[in-house]
Amino acid sequence: MATAAVGGLLVVSCLVCAGITYIGINYQVDSAIKEKFADNAIVKEHLGEIQSAKINADESSILQQKEAFKKYIIYDVHGSKGDGQLIIQQGEQDGIVGDKGFLRLGENDFDL
């Protein structure tokens with residue numbers, strides 16, 4: 001009985017740690033996206049003010065299977081005018097978000 005309780009506590013602890021890590025990473029991503037792209041004319045025109053940005057892990061892994069996009073990450077972005085995806089090359093060294101990429105709105109891509 002005690003072993004099951006300890007095992008259950010361990011599982012719950014792991015889930016809590018994973019959740020905190022996920023929230024922390026998304027907070028950093030949100031801040032980095034806003035810092036780098038909030039003043040971009042294309043982003044402002046189509047999305048307006050960036051309100052939130054989160055990593056889209058599923059679509060990123062699919063995109064990264066293409067040779068030209070191995071170092072790109074897809075971010076789902078919610079703006080004051082609309083929603084879209086920023087497809088951004090990974091940052092160098094300490095930077096989470098790079099400078100090179102494009103905005104995807106439906107089937108249309110706009111270089112940043």
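What counts and what doesn't
In this convention, every chain numbers its residues from 1, walking through the sequence in written order. Two thresholds apply to this predicted model, a pLDDT of at least 70 for residue-level local features and 80 or more for giving and counting side-chain atom pairs, whereas whole-chain, interface and lining totals are computed over all residues. Here the side-chain values reflect all heavy atoms present in the structure, with hydrogen atoms and water set aside. Between the rings of Phe, Tyr and Trp (Trp by its six-membered ring), a pair exists once the centres lie within 6.5 Å; its type follows the angle of the planes, with under 30 degrees stacked, over 60 edge-to-face, and the other angles tilted. The cut-offs for exposure are 20% and 50% of the maximum accessible area for each residue type, with area from a 1.4 Å probe on protein chains only; residues under the lower value are buried, those over the upper are exposed, and the others partly exposed. Helix and strand assignments follow DSSP, with helices taken as H or I runs no shorter than four residues and strands as E runs no shorter than two, numbered in order from the N terminus. For two strands to be treated as a pair, DSSP must find at least two bridges joining them. Inter-axis angles, ranging from 0 to 180 degrees, are taken between N-to-C directions of lines fitted to C-alpha atoms, where helices are fitted over the stretch in contact. Scored from 0 to 100, pLDDT reflects the predictor's confidence in each residue. Residues qualify for a patch when their relative accessible area is over 30% and they have no salt bridge, like charges being joined within 9 Å and the nonpolar side chains of Val, Leu, Ile, Met, Phe, Trp and Tyr within 5 Å. Accessible surface area values rest on a Shrake-Rupley calculation with a 1.4 Å probe, where residue burial reflects the displayed protein chains alone. Here a salt bridge means any side-chain nitrogen of Lys or Arg lying within 4 Å of a carboxyl oxygen belonging to Asp or Glu. Charge counting treats Lys and Arg as positive and Asp and Glu as negative, with His and both chain ends excluded. For the purpose of locating charges, the reference atoms are NZ of Lys, CZ of Arg, CG of Asp and CD of Glu. Distance and chemistry together define a polar contact, namely a pair of N or O atoms within 3.5 Å, with one atom able to donate a hydrogen and the other to accept it when in protein, and with adjacent residues in sequence counting only for side-chain atoms on both sides. Contacts between residues were defined by any pair of non-hydrogen atoms, one from each residue, lying within 4.5 Å.

### So, the packing of aromatic side chains
Turning to step 1, where the next piece is worked out: A complete count under the given rule lists 2 aromatic pairs for this structure.
Turning to step 2, where the next piece is worked out: For the ring pair Phe 69 and Tyr 72, a centre distance of 5.2 Å and an interplane angle of 70 degrees mean the geometry is edge-to-face.
Turning to step 3, where the next piece is worked out: In this structure Tyr 72 comes out as buried when scored by relative accessible area, which is 8%.
Turning to step 4, where the next piece is worked out: Seen in terms of ring centroids, Phe 69 and Phe 102 are 6.2 Å apart; in terms of plane orientation they differ by 70 degrees. Their pairing is edge-to-face. You can see Phe 69 sitting in the loop between α3 (57-63) and β2 (72-79) and its partner Phe 102 sitting in strand β4 (residues 97-105), a full 33 residues away along the chain.
Turning to step 5, where the next piece is worked out: The class of Phe 69 is partly exposed, set by a relative accessible area of 23%.
Turning to step 6, where the next piece is worked out: Overall, the relative accessible area of 10% leaves Phe 102 in the buried class.
Turning to step 7, where the next piece is worked out: What links up through ring pairs into an aromatic cluster is the set Phe 69, Tyr 72 and Phe 102.

### As for the sheet that holds strand β5 (residues 108-111)
Turning to step 1, where the next piece is worked out: Here 5 strands make up an open sheet; going across it, the order is β1-β2-β3-β4-β5 and the pairing antiparallel. The outermost strands of the open sheet, each flanked by one partner alone, are β1 (50-55) and β5. Going across the sheet, the axis of each strand differs from the next one's by a mean of 30 degrees, ignoring polarity.

### Quick word on the confidence of the model for the chain
Turning to step 1, where the next piece is worked out: In the predicted model, the chain carries a mean pLDDT of 82, and the fraction of residues at 70 or more is 73%.
Turning to step 2, where the next piece is worked out: Per-element mean pLDDT across the chain ranges from 65 in helix α1 (residues 2-37) up to 96 in helix α2 (residues 41-47).

### A look at a negative patch on the surface
Turning to step 1, where the next piece is worked out: A grouping of Asp 58, Glu 59, Asp 76 and Asp 83 is seen on the molecular surface, where their side chains present a negatively charged patch.
Turning to step 2, where the next piece is worked out: Relative to the assigned elements, Asp 58 resides in helix α3.

### Comments concerning the side chain of Asn 56
Turning to step 1, where the next piece is worked out: You can see Asn 56 is positioned in the loop between β1 and α3.
Turning to step 2, where the next piece is worked out: In this structure the side chain of Asn 56 is engaged in a polar contact, spanning 3.0 Å, whose partner is the backbone nitrogen of Glu 59.
Turning to step 3, where the next piece is worked out: Residues in contact with Asn 56, not counting those within four places in the same chain, are Ile 74, Tyr 75, Asp 76 and Gln 85.

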